[in-house]
Each structure stands twice: as structure tokens, then as C-alpha cells.
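Residue-level structural notes
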Amino acid sequence: MQDSTNTQLLLDLFEEKGFIPNQMQLAAIINTSGPLLLTAGPGSGKTRVLLWRTVNLIVCQNVLPQEIFLCTFTEKASRQLKEGLEELLSLASRHTGKRYDISGMYVGTLHSLCRRMLSEGILVSQTNSSNHVSLMDDFDQYLFVSQFNNWNALLKTAEVPVANDENASTENETEEEDITEAQLNFYEKINQSFFDTGRSKMKAVNHFIEFANRMAEEDFLDEQLLSFCKKTDVFSETDTALFKMTVEYHKLLKQGDGEKVDFSTLQQKTMRVLEESSNSSSIFKHVIVDEYQDTNNIQQKIYFALAKHSSNICIVGDDDQALYRFRGATVENLVSFVSSCFKFFNLLPARIDLNINYRSRADIVKTYTTFITQCDWADPYSDNYYRIMDKNITAFSTDERPAVALVSGEKEYVAEEAVTFVKNLYENQIISDYNQCAILFPSLRGYKGELSAPVKAFTQAFEEEGIPVYSPRTKNFLFTDECLATFGIFSLIFDCRPDVEHTFGNQQRFHKWLKEAQWACSEVMEDDKEIALFIKEKQKVVQQVTEDYVALDLFCQENNLSQEAPLTQENLELLKQIKNLHDQTQSKLKDATLQTFAKSSYQRDKEVTLSYAIAKLTSLPWTLLDLFYQLNKFVWFRDDFAMAEDGEDQGLYNMAQITQFISRYMENHSQFLGGRHFAEDRFNISFFFSYLYALFVRSEGEHEDEENPFPKGAVPFLTVHQSKGLEFPVVILGSLSHRKKPPRLLDILVRQIAEVESKGQNFQEPIERLDDFDTMRMFYVALSRPKNFLLLCQFTGKGHFTYPAFYSLFTQKNIPYLDELYPITIPVSEEKKEVSEKNYSYSADYLPYLRCPRNYMAFAKYGFVPSRTQTAFFASLIQQTISDFQNYLDGNPDGGSKK
């Protein structure tokens, strides 16, 4: 219970910060004992409530910060909470005279907190097993699974005959000679199981990853998965193969230098350690979880395990805003939280509804609360509902004027009307910038990954009016100017030739991109002739190491020298007899280091082979990262640094992202390239036609600034999922369409497993209604984003379908057409406050900045990955900048600039 003294301190802090909580907010802040369910409707101030509730725990309840586990859905949300806590606790210190240090507090996403728990060793384990793991992100996981040896090991486990050519392309949509017909048939079966088509390995790999992740998220153990294989009357042959492959995948993760985990197995690893630990349930006195509607089963297990001793678990969420079932999230965790608490803690949680919307005008709130009722959420066989009922969402705003309108008609007409509406808002100063009006779509892409018809219509309409749009996720990162120039130059240096004529589908689109990159490279060379000379110089080096490798390899064959034999002084002398080797290779042959290796080879545990020596003799004197940094001495690339200093930094972010992708390739392949890579075409296959191809098909997007995601002067185009947690003065819902989708394979499979295990899971939504419920929630999120005005765009005509719930909404609420509302009364949108400045460290930020501001800008701010030559590169860059400045003073123009 909260005593009067502590309550008064809390009230004093409220007053000093100008915070006047409503009755429900105050109840949520001071309720700190036992399980608590906070339903948080749109715009209800849940972040502020979480902040003050945590302050109450630390300041008034004397809970140590390190005894609090505060889990957020995104890293951005955790940073905001940390910054808010530091500010409020600093204020509290002036009242109490105490210093509050939250550096040891567990606040972040669950993945970051799991890694921290494992690495810091706070869990007392009953076994001696190591908890150190290496985390792979989504792309790392794809690279790991699709790696030749790993993928073949998985296929063999599924009893699929595999090709034995280690040089085979990792993407075989057109190179079918590299793989067996059995493999292609197996890929087709996997893809069909996921309602996909074709025999693409890439699709099969992605579907397997999806399958393996879901098995971990449901916390199925390997022995369980193997037992499912015996249930041939329940599970298909493909299901059984995927079960076996998942078990083998877990084995592969544990091989090598250290255990690897993906985001899903990280959680499963943490759960196993929690089960083994003797203190897991007593480390934290309070467990607080935000966005609980988007948790999965393994996550709920972790939260409950951590709160087992104290029972102090507070969850915050809104089941009407659950969007991530396709990632394995289980909204039933929130809907069934009351019964789950009773089963686990033998306690019923308190429920407090944060139900006042401080964001939106009253008409907008009435619209989305009416919409969500246009669906029958009742369980016909019981008194239960598939959503949390009786939330009584209301608007704080007393503005009852119309704030929602409809535009209906052919797509060109609807788009033109919407664009005219936005233009009028800007010209009449209702919005001060175009980024205050967001266009939301259920999906930005349609069939075969192309932009959907509504997105195309809106894009064209805005372009015709000269209004920029900003949609980083509709643009493939590889199509940025920096990528086209860089990889175009790379392709010329390494003689990688596009083949548009003999390829099809994604392969053909990739080869067209490669051709476009080379064309972009030619334009850059036109501006700077020095780049053409640079390319010729590098081509010559590649040609020389290739020729030398061929000569060395041929010599070994002709003289019966096995390249797997140990390197000895004798065979090293034989290699010196080869004529016509280039000077660089001849010099390496005489190098004292190689001589020493040959003399002492027999003394080492691991012998140096002749093959190793030949690789070193014919290796390039630079890595891919070195090559990239060498490019940056040219004006075209160097201009991005100057433009960033003027505030135009998207180009520099793109360049930094290029270094990250190159570095990742080098981590998964050889750091150094040599003649064998080029003579056998290994490099072009692995880098261009596998690695970059994977990036291309995955459609990796441009960098997005989390702190300032929507640049001024452009209208944001977002999916509804992207808009989650955001708000805009004006929102245009660019499509009311949705085609019904069948249940996903994994949702069906998980329920079949539950039946096999004779475990009835928590109260579940009917499998045949999942799409209906998810679609209602998706549109609910869209309708609740605007502050001042919402425009609904209904496309009619062939190929366009309006989701039925909207017809019911139009009838029940009588939403007017846009042209019936003129003149529209919309409050003037306030200028959004600039994002707060980042806190900087003296040792990590200030001192490196003093040493070299431009170096600090690249590596600390933009995230460039350093290479062995980056120091020399920046010295050259600074020298060139000084030279440019002198040329400017002398009146000499600087050619080749992007400016």
C-alpha cells in the first residue's frame, strides 16, 4: 500500500512537472503489489504512466533500480524511458537528497535483456554449461542457414540427396545443374506448404527459417520435435522433414568456436538457464512489460518465471492493436492474462483501463471505437470474448466537429482528390510541413513485390503536383546512388558481367540491377577520369594474381605436387623455378616469413600446406573494405562527407551501410581474396550472385533515422505496421481493401501439436477467423493514428474490394464525403518539437572528436565499419580537403562534384 507521506511526495513531483493524472492513470501508478493488467488505448499516455510508476517504485517504495525488469517492444522506446527516468529521478533527488543510479537497471527489449542476463552471469546455474552466445540478426541467420555446408547438412537430415560441388551457387533458380532434381522437388514441397510457388532455394530457406523460429517461440524441445516425426497420421512428410531439419539446425548452432543463437533461440536458451538457475525468480522484485499483445509463448514463460517469487508482474497492452501474429505473436497472452495469472500465481490480477485518448478529436475516437465493434468477438460456445471488452474508450477532446471524411471512386480520382486536400492544408497553413500528413496502406507492395495499385496511384498524383513523398521501405537499398556507383565499380574491377538475356524472374531483375550499376559507374567515370584509371589499375592487379595462381596450380599438376602436402623448403624451391610470375608474387616467394614457415612446418601442430602458401602468394594486397575506402578519395564519394556537414546526410548513411554489408560478407567468407577465387569464378558467384543477390531479393531498405524518421518537405508513405506507436496531425488511409487469407501453415501446425500433446492452450481464437480478427485490428490501428483529421480513401472499380466492416461503419456512423465538408474545420497543427540532443560521453565521444572530427563523424555517428586502411584513408581525405580548400582560394573549380 502507498502511505500518505510517499503519496504526497509523488503529488509534489507531479505538480513540479505539470502532470495531472486522471483517476485511472493515478491508480496504475500507485498500484505496485501483485499482478496488474493495464489496458492502454490509443493516445492514453501509457509511456508517461510507466515512467511515473517506475519512479514511484524507486523513490517512494525504495525498490533498487537493478531489481526492476522493464521490457519494451523497441530499442527506441527503451531509450525514451531511460531518458525520462533520468530526468524525473534527478528531480526527485532534489526532494529526497538521494542519488538514483539506473545504470544497473534492466530496461530494454527482451532480446537485449536476455543477452545481458546470460552475459552478466546473474543467474546461478546448477550446471557448468557456458552461457556465452553470439547473436545473429535476421540476415545473419539467413546467411548461416543458406551456407553451402550447413544447408546440405540440413537437407541430408531430411533424407534429400544433395550435390557435392562446394563451389555451387547458393541460389539455384537458374543454375539447376548445381543441385539434384530431388532438391528442387523438396524446395517446391516446402514452398507449397507455405502457400508459395516455385522451386527457389531462397524461398525454401526463408520458409525453413520461419518454421524453425516458430518452433523455438512455442518452446518445443528437440526431443519433442523428434517425437512428432513418429506421428505420421497427423503430420505430413514435409512437416516431418522440417522437424528433423530444425533439430539439426540447433546442433549446427552449437558447432564451431562458440554457440550461435538467433532471436528465437536466444529466448529459448534464456528460458533453459532460468529453469536451471536457483535464483531466477528472486533477482527482480518487479517485472513490467509493455506491448504485451505482441508477445509470444516463450516470452510469456520468461516473464512469469522472473516474477514467480514476487508475483509483481505488470503488463501493459491493447489487444485491439495486436499486429504481429505473422511473427509468432500470440494476442491470447493478453486476452487470457487473468486466467494465466490464476494458474501460475494462484492470484487474480487487478485490471485498470487507461481509456482516455489525449491525442485525437472526438469524431476520430468515435470512428475507431465504432469500427472495432463491426465484428462479432463473442465465443458462440461460452460466455467468453476474443477481445477484452468494456474498455469504454473516450476522447479528452471536447471538439465535436466532423474530423473524418470519405473519398470514393476510381483510383486516379481518389488519389487526385487526396493530393489536392493535402496541398490545400499546406497552402492554408493548417499543416506547416508536408510530413505532418501521413498516407497509410495495409501493404506497400502487391503481387511479386511490386508497388500496390493504390501506392502507385498516390505516388503519381503527388509527383504531378510536385510534392515529394518519403517511403524508404519502398526503395531497395541497392538502388541508392552510392550502392549503384560502388558495386558498379566493383563489378568492373572483378569482371562480373550481367546476363539479362538468359535469366528469368528475380535472377533477371538482379542482372538488370547489375547492368544499371555499371551504367551508373560509367556516369561517375565521365565526371572523374581518375576513377577510370583507378579501375584499370585494380583490374590489372586482379588479372596478375589470377594468372599467377593458374601458373602455380598448373606447375603443381605437371610435377605431381599435391597442394594438400605440407609446405617444405624443397617444394618452395621448386615453385621458385616457375618463370613469368609477376614481380609481386616473385617477391613474396623470396619473403623471409614464407621461408620460415617452410623450415619450421614440421614443428607445428597444424601444418602449413602448399595450398595455403599458394593462396598467400596470389592474394590481393587489399580487402573489399580496403577497396571501398580507397574509392572515397575521389570527389564523387567524398562529397557525401561535405553534404553531411551541411545536414544532408542520407548519402553518408548509405555509405556506412555499404561498409556494414561488406564487413558482414567478409565475416562469413575469406577476409582476403586471391587468384583461386577469380580463376574458378568463386568470388563473383559468392559475392555478386549469392550475397548481393540475397540482399536484392530481400529488398533491404535505406537507413531510417529512429529519432527523426520523417524528413521535412515530404509526405510519409507508411504501412499500418510501420505507423504503430506513431501519431500525425492528418492521416489519409490510402486503401480500405483486404482480400481474405487462409490460415497460415504454422498457426495450423501449432494447434495440431497442441492436440497431439493433449495440452489445451489458453483460450484461442478460431483458426478460421484469425484473418478477420487480425484485419480488424490492423485497420483499428490505422484509424487511431490521426490527431486532427482522418481521410478514408475507397477505391472502386475492377480489382478493388472494400473490407465489409467499412460498409457497416459508413452505415452506422454516417461518415460524410470530403466535398460535403467544405469549408473543413481542422485545428492548425503545432510544429513538432525537435528531437532532444543525444547525451555524449567524455571518453567515448569528446576525446575521439578532438583527435579527428571527420573520423569521429564517420565511425561514431554514422556507423562506418573500419578496415585496416581506414586510418590512411582519413589521412588522405583530410589532405585532399585541405587541397580542395586551397584550390577554392586560388579560384580553381572542383570538378566531379555531386553538389
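Residues numbered from 1 in each chain as written. Predicted model: local features only at pLDDT ≥ 70, side-chain atom pairs only at ≥ 80, totals over all residues. Heavy atoms only, no water.

1. Some remarks on the overall build of the chain
The condition that has to hold: Secondary structure elements follow DSSP: runs of H or I of four or more residues count as helices, runs of E of two or more count as strands, with numbering from the N terminus. For the exposure calls, accessible area comes from a 1.4 Å probe over protein chains only, and a residue counts as buried if that area is under 20% of its type's maximum, exposed if over 50%, partly exposed in between. Residue contacts follow a heavy-atom distance rule, with two residues in contact if any of their heavy atoms lie within 4.5 Å. Residue-level accessible areas treat just the shown protein chains as cover; the underlying method is Shrake-Rupley with a 1.4 Å probe.
Along its length, the chain carries 37 helices and 16 strands. Looking at the chain as a whole, 53% of its 899 residues qualify as buried. The contacts in the chain between residues at least 6 apart in sequence include a share of 79% that link residues at least 24 apart. With the model as given, the accessible surface of the chain reaches about 41,400 Å², and the carbon-plus-sulfur share is 49%.

2. Things to note about the pattern of salt bridges
Opposite charge on two side chains lets them pair, provided their charged atoms get close. Here is the rule we go by: Any carboxyl oxygen of Asp or Glu within 4 Å of a side-chain nitrogen of Lys or Arg constitutes a salt bridge here.
By the definition in use, this model includes 45 salt bridges. Residue R777 pairs with E765 through a salt bridge whose shortest N-O separation is 2.6 Å. With R777 in helix α33 (residues 770-783) and E765 in the loop between α32 (745-756) and α33, this residue pair connects regions lying 12 residues apart in the sequence. With respect to class, R777 is no different from E765; both count as buried. What you see here is one network of salt bridges that share partners, running through K46, D290, E291, D294 and K724.

3. What about the nonpolar core?
This is how it is decided: The set of buried Ala, Val, Leu, Ile, Met, Phe, Trp, Tyr and Cys residues whose side-chain atoms join them within 4.5 Å is what this entry labels a nonpolar core.
Ranked by internal contacts, the top residues of the largest apolar core, which has 106 residues, are F490, F494 and F864. In terms of residue count, the dominant contributor to this core is helix α30 (residues 682-698) (10 residues). Excluding anything up to four places from it in sequence, F494 contacts V542, L620, W622, L624, L627, L673, F678, F683, N684 and F688. One finds V720, L736, Y780 and L792 within the second-largest nonpolar core, a separate group that totals 42 residues.

4. With respect to helix α13 (residues 297-306)
Here is the rule we go by: Two N or O atoms form a polar contact when they lie within 3.5 Å of each other; inside protein one atom must be a possible hydrogen donor and the other a possible acceptor, and for residues adjacent in sequence the pair counts only when both atoms belong to side chains.
The element α13 is largely enclosed, with a buried count of 9 among its 10 residues. Turning to α13, its buried residues number three or more, namely N297, I298, Q299, Q300, I302, Y303, F304, A305 and L306. One side-chain oxygen at the N-terminal end of α13 lies 3.3 Å from the backbone nitrogen of I298; it belongs to N296.

5. Regarding the packing of aromatic side chains
This is how it is decided: Centres within 6.5 Å make a pair out of two Phe, Tyr or Trp rings, where for Trp the six-membered ring is used; the pair is then stacked when the planes are under 30 degrees apart, edge-to-face when over 60, and tilted otherwise.
If you walk through the whole model with that rule in mind, you get 70 aromatic pairs. A centroid spacing of 5.9 Å and a plane angle of 65° characterise the contact between F462 and F717, whose relative ring orientation is edge-to-face. Of the two residues, F462 sits in helix α18 (residues 453-464) while F717 sits in strand β14 (residues 715-719), which places them 255 residues apart along the sequence. For F462, a relative accessible area of 0% corresponds to the buried category. Here F534 and F634 contribute two aromatic rings whose centre-to-centre distance is 5.3 Å and whose plane-to-plane angle is 75°, an arrangement assigned as edge-to-face. Taken as a pair, F534 in helix α21 (residues 529-558) and F634 in the loop between α26 (624-631) and α27 (635-645) lie far apart in primary sequence, 100 residues in all. In this structure F534 comes out as buried when scored by relative accessible area, which is 4%.

6. Side note on the state of the cysteines
Covalently bonding the sulfur atom of one cysteine to the sulfur atom of another cysteine gives a disulfide. Under the convention used in this document: Disulfide: a pair of cysteine sulfur atoms within 2.5 Å of each other.
Summed over the entire model, instances satisfying the criterion amount to 0 disulfides. There is no disulfide at C71, and the cysteine sulfur nearest it, in C114, is 8.0 Å away. Look at C71 and you get buried, because its relative accessible area is 2%.

7. Considering the pairing of strand β16 (residues 786-795)
The criterion, for reference: At least two bridges found by DSSP between two strands are what make those strands a pair.
β16 sits mainly inside the fold: 9 of its 10 residues count as buried. Here 6 bridges tie strand β11 (residues 404-409) to β16, and the two strands are oriented parallel to one another. Paired with S408 across the strands is Q794, a residue of β16. As judged from the 5 bridges shared by strand β15 (residues 728-733) and β16, these two strands associate in the parallel manner. Opposite V731, over in β16, you have L790 as the bridge partner.

8. Some thoughts on the confidence of the model for the chain
Rules: One confidence number per residue, pLDDT, is output by the predictor and ranges from 0 to 100.
Across the chain, the average pLDDT comes to 88, with 88% of residues at or above 70. Considering only residues more than four positions removed or in separate chains, one finds that residues 165-177, a stretch of pLDDT under 50, has 35 contacts. Within the model, the stretch residues 871-875 combines pLDDT values under 50 with 9 contacts to residues more than four positions away or in other chains.

9. Looking at a negative patch on the surface
To keep things clear, this is the line we draw: A patch consists of residues exposed above 30% relative accessible area that lack any salt bridge, with like charges linked at up to 9 Å and nonpolar side chains (Val, Leu, Ile, Met, Phe, Trp, Tyr) linked at up to 5 Å. This count recognises Lys and Arg as positive and Asp and Glu as negative, with His and chain-terminal groups excluded. In this description, the location of a charge corresponds to atom NZ of lysine, CZ of arginine, CG of aspartate or CD of glutamate.
A grouping of E410, E412, E416, E463 and E464 is seen on the molecular surface, where their side chains present a negatively charged patch. Of note, E463 is situated in helix α18.

10. Quick notes on the sheet that holds β11
With respect to topology, 6 strands assemble into an open sheet ordered β11-β16-β15-β12-β14-β13, the strand pairing being parallel. For this open sheet the edge positions go to β11 and β13 (469-470), each flanked by a neighbour on one side alone. Relative to β14, β13 runs parallel, the two being bridged by 2 bridges. Within β14, the residue paired with Y470 across the bridge is P716.

11. Things to note about the packing of helix α5 (residues 110-120) against helix α12 (residues 263-276)
As a reminder, the rule being used: Structural elements are reduced to axes, namely lines fitted to C-alpha atoms, with helices fitted over the stretch in contact, and the angle between N-to-C directions of any two is expressed from 0 to 180 degrees. We call two directions roughly parallel when the angle between them is under 35 degrees, roughly antiparallel when it is over 145, roughly perpendicular when it lies between 65 and 115, and oblique otherwise. Left-handed is the label given to a crossing in which the near helix is rotated counterclockwise from the far helix by less than a right angle, and right-handed is the label when the rotation is clockwise. Each residue is assigned to one of three groups, with Ala, Val, Leu, Ile, Met, Phe, Trp, Tyr, Cys and Pro labelled nonpolar, Asp, Glu, Lys and Arg labelled charged, and all others, Gly among them, labelled polar.
One can describe the packing of α5 onto α12 by two numbers: an axis separation of 10 Å at closest approach and a directional angle of 45°. On the basis of the axis angle, α5 is oblique to α12. In this structure, α5 crosses over α12, and the sense of that crossing is left-handed. Here α5 contributes L110, H111, C114, R115, M117 and L118 to the contact with α12, which in turn contributes F263, L266, Q267, K269, T270 and V273. Of the residues contributing to the contact of α5 with α12, the split by class is 7 nonpolar, 3 polar and 2 charged.

12. Some remarks on the side chain of K46
With respect to the element layout, K46 can be found in helix α3 (residues 46-60). Among the polar contacts made by the side chain of K46, one reaches the side chain of E291 at a distance of 2.6 Å. When residues no more than four places from it in sequence are discounted, the contact partners of K46 are A40, D290, E291, V316 and L354.

13. Thoughts on the sheet that holds strand β3 (residues 106-109)
What the 6 strands build is an open sheet, ordered β3-β2-β6-β7-β1-β8; its pairing is parallel. In the strand order of this sheet, the two ends are held by β3 and β8 (350-354), each with one partner. Taken over all neighbouring pairs, the strand axes of this sheet differ in orientation by 15° on average, direction set aside. In this structure, strand β6 (residues 286-289) lies alongside strand β7 (residues 313-317), joined through 3 bridges in parallel fashion. Bridging from a neighbouring strand, V289 pairs with I315 of β7.

14. Some points on the packing of helix α2 (residues 23-30) against α3
The N-to-C vectors of α2 and α3 enclose an angle of 40°; their axes lie 8 Å apart at closest approach. Classified by the interaxial angle, the pair formed by α2 and α3 is oblique. Judged by the sense of rotation from one axis to the other, the crossing of α2 with α3 is right-handed. Here Q25, A28, I29 and I30 of α2 lie close against α3, whose contacting residues are V49, W52, R53 and N56. Tallied by class, residues from the contact of α2 with α3 come to 5 nonpolar, 2 polar and 1 charged.

15. Focus: α3
Note the cut-off: The span one expects for a helix is its residue count, reduced by one, times 1.5 Å.
If you check α3, its first and last C-alpha atoms are 20 Å apart, about what 15 residues at 1.5 Å a residue would give, namely 21 Å. Of all 15 residues that make up α3, 13 are buried, and the element is covered over most of its length. Residue N62 follows α3 closely and has a positive phi angle near 60°.

16. Thoughts on a nonpolar patch on the surface
A contiguous nonpolar patch, built from V338, F342 and L348 and spanning about 290 Å² of accessible area, is present on the exposed surface. You can see F342 is positioned in helix α15 (residues 337-345).

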